Amino acid sequence: IEARSARAERLEAAGTVAGQIAHDFNNLLTPLLAYPELIRRELPSTSPALEHLTVVERTASDMAHLTQQLLSLSRRG
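Presented here is a report on the structure given in the accompanying data block. Note that the structure is predicted; figures quoted are calculated from it, not measured. (Residues numbered from 1 in each chain as written. Predicted model: local features only at pLDDT ≥ 70, side-chain atom pairs only at ≥ 80, totals over all residues. Heavy atoms only, no water.)

1. Focus: the pattern of salt bridges
Phase 1: Following the criterion strictly, the structure yields 3 salt bridges and no others.
Phase 2: Linking R40 and E37 is a salt bridge whose minimum nitrogen-to-oxygen distance equals 3.7 Å. Placement of both R40 and E37 in helix α1 (residues 2–42) is noted, with a separation of 3 residues, approximately one turn of the helix.
Phase 3: The class of R40 is partly exposed, set by a relative accessible area of 23%.
Phase 4: Where R41 meets E37, a salt bridge forms, and the shortest distance between an N and an O atom there is 3.8 Å. With R41 and E37 both in helix α1 and 4 residues apart, the pair spans about one turn of that helix.
Phase 5: Residue classification places R41 among the exposed positions, given a relative accessible area of 59%.
Phase 6: Here E37 falls in the partly exposed class, since its relative accessible area comes to 34%.
Phase 7: It is possible to trace a salt-bridge network through shared partners that takes in E37, R40, R41 and E57. (Salt bridge = Lys/Arg side-chain N within 4 Å of Asp/Glu carboxyl O. Helix = DSSP H or I, 4+ residues; strand = E, 2+ residues; numbered from the N terminus. Buried < 20%, exposed > 50% of the residue type's maximum accessible area, 1.4 Å probe, protein only.)

This is how it looks when you write it as structure tokens:
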């Protein structure tokens, strides 16, 4: 019983940490998700920087998906 209780406490602590990390990631992701579109509007359609903005958008989207997974883990924990 003590081992199960200790395991449950560890899982709960891991879930709490995962939720905190996800929250912090969300705060950091906000500009990475919003600014590329704003920057794209200012660039000419022939700018090579548009490709870089697409990479930033894809990466930020992948990071947002990972953050959602962390939130799911924190809710289960």
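Moving on from the model shown.
2. Notes on α1
Phase 1: For α1, spanning 41 residues, the distance from its first C-alpha to its last is 61 Å, which sits close to the expected 60 Å at 1.5 Å a residue.
Phase 2: Taken as a whole, α1 carries its principal kink of about 35° at L28; the proline P31 stands between one and four residues after it.
Phase 3: Turning to α1, its buried residues are G15, A18, G19, A22, L29 and P36.
Phase 4: In this structure, the buried residues of α1 make contact with α2 (49–76). (Expected span 1.5 Å × (residues − 1). Bend = angle between axes of the 7 residues up to and from the residue. Contact = heavy atoms within 4.5 Å.)

3. Considerations on a nonpolar patch on the surface
Phase 1: The grouping of V17, I21, F25, L28 and L66 at the surface amounts to a nonpolar patch, some 420 Å² of accessible area in total.
Phase 2: The biggest single contributor to the nonpolar patch is α1, with 4 residues.
Phase 3: Its location among the elements puts L28 in helix α1.
Phase 4: Taking relative accessible area as the criterion, L28 reaches 59% and is therefore assigned exposed. (Patch = residues over 30% accessible without salt bridge, like charges linked within 9 Å, V, L, I, M, F, W, Y side chains within 5 Å. Areas by Shrake-Rupley, 256 points an atom, 1.4 Å probe, with all protein chains shown as cover.)

4. Thoughts on the environment of F25
Phase 1: Within the element layout of this structure, F25 appears in helix α1.
Phase 2: With 38 residues separating them along the chain, F25 and M63 place their C-alpha atoms 8.2 Å apart.

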